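A structural walkthrough
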Amino acid sequence: MGKSGSARVKAGDAAYGGAMVDHELRRDFNGSRRAVRDVPPLIWSPYASGEPPEPLDRHSDEEEEERLRQIELERIKALIEVADEKRNFTLMDAYEAHVEGARRSAGSHKLFQHAFLQFPTDIEITPESEREMLAQGVAFINRTYGGNAVFHARLDRDEKGRHGVDVFFAPRYAKTTAKGTEDWVSLSKFSKELARDRFGQRQKTVKNRKTGEFEPVKDKAGKPVMVWNDSGYFQGRALQDAFFEHLRGMGLEWAVRGERKKTRDDDWKTPEQIGAEKDLQRAREEAAEAEAFIADAERIADTHWDRVSAAMDALSAAEVQKQAAEREAAQIRDKALREAQEAAERTSEAIREEIEAQISPPKFVLKPPTVKREGDPAPQKPPERPYRALVAKLLAEARERIQTALQASPEAQDVRAAISQLERVKERETRAMVERRRELERTARQVEENKQQGNKLLSGESRLAQWHSFVEVMKDKVRTVFGEAGYQRLAEAVNEEWKNHPDNLTKPPHQPEPPKPSGPSGGFSP
């Protein structure tokens, strides 16, 4: 949004007028490219409907000023219409009707002037505000350039920006000479008068060839030689001041004056040039943002890498501690096993001795053999001793004692607790290291993508600047070699070819041709 307005004026010849006709009808490349919506423009072309209204008498007193302003606006609004696609009255037709019967300087090849009035973009776009901006633009140019200047004006409504008014004018006035009064057309008379009224005169200066500095000029009598401040630079400043005052007169008290020109060069720019500059500035900003993002990502990656390195060092230290603990646990386990084995051996020896004591045969005395006689009872088998069951019972008790001794050993319990704690620490650190490594990989991939995007933006900026310079050189050379008329013919041919080129992303959609009639009169053939 903006609170300032601006006014720019550019003189045009017949070729420029033809190009403006094509642009208004959207038959050129720039016209089709700028259109973002299908809405016809608003047109003010008084000569299209016959005789235009007579200019108002501007030599009235101040009390009549406001009444005349309102009358003029109502007359202008009454002739504003939506452009019809089938209308055959063009901008150049309006020019011919406007200058008919008037004389102009034979040495000038410029026919008319084209003013582009940019109203503040803080104005809300409504059907009423669009008609108001168009009417105010026509009224401002007419008041500034003698009262009978505008022959055609337009407000485009299909472009992205909708606060600009194109006004085409050729100031017409009555010139009184010794031969009488005649109507003349002058493109500079009123703009020079406006600059002289606002900026007056200054002392003339010339450049000293020896010192390279500008020095004031005096006449033979020693008086300063004065010149009018009516060059193109001062005419532009006066027009900007007058347009700012006009905006305030419209009731836009919040409007501000646009920035003054820093140089005296021509600052007329097409929307394409302005768009290219904005794209270039946007690309530079995006490249700067990408570079800042890459720097942040690299800083974050360095921080994460430091953390990962510290975690890896801590994990390595924990691994060393684990290995030392495992060696110590192995020593404790071996010692406990040796002690348990020795205790088991001692217990087994005691059990063996006890078993041997219980199952050892008693001492007996050898007796001579006896002879078996009839009638003697059968010999009795000695009872079987239960030593096998006893041995099994003793061995089970020994194993139970050994197991109890091992479980009750404080060294074995400490070993098992230390091993479990080390395994939990190792598992936790391993999971943390894997997660940090994944995060680092994601950050590295994002950094690489951002670098590639930044490189693309920077290379695109360079190509855009090269292409812009190349196009400007080509346009200047074509004008120099073939002249303005040749340049316009070449531009028309290029636009016609580019309009349907396959690489043109903004070309209009293909429209199928209407069916041809079968008979000579459009009806059915016999």
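Here, the structure is the one placed above.
By convention here, each chain's residues receive numbers from 1 onward along its written sequence. The model is predicted, so local features are restricted to residues of pLDDT at least 70 and side-chain atom pairs to those at 80 or more, both for listing and for counting; the totals for chains, interfaces and linings are taken over all residues. To get the side-chain values, take all heavy atoms of the structure and skip hydrogens and water.

1. Structural notes on the sheet that holds strand β9 (residues 180–185)
Here is the rule we go by: Here a strand pair is declared whenever DSSP counts at least two bridges between the two strands. Working definition: helices are DSSP H or I runs of at least four residues, strands are E runs of at least two. Numbering for both runs from the N terminus.
Taken together, the three strands give an open sheet; going across it, the order is β4-β9-β8, and neighbouring strands pair in mixed fashion. Both outer strands of the open sheet, β4 (103–104) and β8 (172–177), are each paired with one neighbouring strand and no more. Relative to β9, β4 runs parallel, the two being bridged by two bridges. Bridge assignment links Arg-103 to a residue of β9, and that residue is Trp-184.

2. Here's the deal with the nonpolar core
One broad trend across soluble globular proteins is that nonpolar side chains are buried collectively. Worth spelling out the cut-off: Nonpolar cores are built from buried Ala, Val, Leu, Ile, Met, Phe, Trp, Tyr and Cys residues. Side-chain atoms within 4.5 Å join them into one set. Here's how the labels work: a residue is buried when its accessible area is under 20% of the maximum for its type, exposed when over 50%, partly exposed in between, all with a 1.4 Å probe on protein chains only. Any two residues whose heavy atoms approach within 4.5 Å are treated as being in contact.
Trp-44, Leu-117, Phe-119, Leu-134, Ile-141, Val-167 and Phe-169 are the most contacted members of the largest nonpolar core, which totals 39 residues. For this core, the elements supplying multiple residues, two or more each, are β2 (42–44), α3 (65–78), β5 (112–118), α5 (127–144), β6 (150–155), β7 (164–169), α6 (189–199) and α7 (232–249). Among the elements that make up this core, the one with the highest residue count is α5 (seven residues). Those residues in contact with Val-167 that sit more than four places away from it in its chain are Gln-113, His-114, Ala-115, Leu-117, Gly-137, Ile-141, Val-150, His-152 and Ala-153. One finds Met-20, Met-92, Phe-168 and Leu-187 within the second-largest nonpolar core, a separate group that totals 17 residues.

3. Things to note about the packing of α5 against α7
To keep things clear, this is the line we draw: Only the stretch in contact is used when a helix axis is fitted, and all axes are lines through C-alpha atoms; the angle between N-to-C directions ranges over 0 to 180 degrees. For classification purposes, angles smaller than 35 degrees are called roughly parallel, those larger than 145 roughly antiparallel, those between 65 and 115 roughly perpendicular, and all remaining angles oblique. Handedness of a crossing follows from how the near helix is turned relative to the far one, being left-handed for an anticlockwise turn of less than a right angle and right-handed for a clockwise one.
Packing of α5 against α7 leaves a shortest axis separation of 11 Å and a crossing angle of 130 degrees. If you check the angle between α5 and α7, you find them oblique. Here the hand of the crossing between α5 and α7 comes out right-handed. Contact residues: α5 offers Gln-136, Phe-140, Arg-143 and Thr-144, while α7 offers Leu-239, Ala-242, Phe-243 and His-246.

4. Thoughts on the packing of aromatic side chains
Going by this rule: The pairing test for Phe, Tyr and Trp rings, Trp by its six-membered ring, is centres within 6.5 Å, and the orientation test on the planes gives stacked under 30 degrees, edge-to-face over 60, and tilted for anything in between. Note on criteria: charge over ring means Lys NZ or Arg CZ within 6 Å of the ring centre, with the direction from the centre no more than 35 degrees off the ring normal.
Applying the stated criterion to the full structure yields eleven aromatic pairs. Look at Phe-119 and Phe-243: their rings are 5.5 Å apart centre to centre, the planes differ by 75 degrees, and that puts the pair in the edge-to-face class. In this pair, Phe-119 is assigned in the loop between β5 and α5 and Phe-243 in helix α7, connecting sequence segments 124 residues apart. Between the aromatic rings of Tyr-233 and Phe-234, the centroid separation amounts to 5.2 Å while the plane-to-plane angle is 75 degrees, which identifies the pairing as edge-to-face. Phe-234 sits in the buried class, given a relative accessible area of 8%. Joined through ring pairs, the aromatic side chains of Tyr-16, Tyr-95, Phe-112, Phe-151 and Phe-168 make up one cluster. One cation-aromatic arrangement involves Lys-189 over Tyr-173; the distance from NZ or CZ to the ring centre is 5.0 Å. Note that Arg-479 overlies the ring of Tyr-487, its terminal NZ or CZ placed 4.0 Å from the centroid.

5. Remarks on helix α1 (residues 14–24)
Counting buried residues in α1 gives eight out of eleven residues, a clear majority hidden from the surface. Where α1 is concerned, the buried positions are Tyr-16, Gly-17, Ala-19, Met-20, Val-21, Asp-22, His-23 and Glu-24. At the C-terminal side of α1, Arg-26 shows a positive phi close to 60 degrees.

6. Quick notes on helix α4 (residues 91–99)
Quick note on the threshold: The directions from the helix axis to the C-beta atoms form the arc being described.
Within the span of α4, buried status applies to Leu-91, Met-92, Ala-94, Tyr-95, His-98 and Val-99. Taken around the axis of α4, the buried residues stretch over an arc of 155 degrees, which confines them to a single face. One or two steps after α4, the chain reaches Gly-101, where phi turns positive at roughly 85 degrees.

7. Here we look at the side chain of Arg-172
What counts, and what does not: N or O atoms closer than or at 3.5 Å make up a polar contact, with two conditions inside protein: a donor-capable atom paired with an acceptor-capable one, and, for residues adjacent in sequence, both atoms drawn from side chains.
Looking at the secondary structure, you find Arg-172 in strand β8. Judged by relative accessible area, Arg-172 falls into the buried class, the value being 15%. For Arg-172, the side chain forms a polar contact with the side chain of Asp-183, separated by 3.1 Å. The residues touching Arg-172, leaving out its near neighbours within four places in the chain, are His-98, Val-99, Glu-100, Gly-101, Ala-102, Asn-148, Asp-183, Trp-184 and Val-185.

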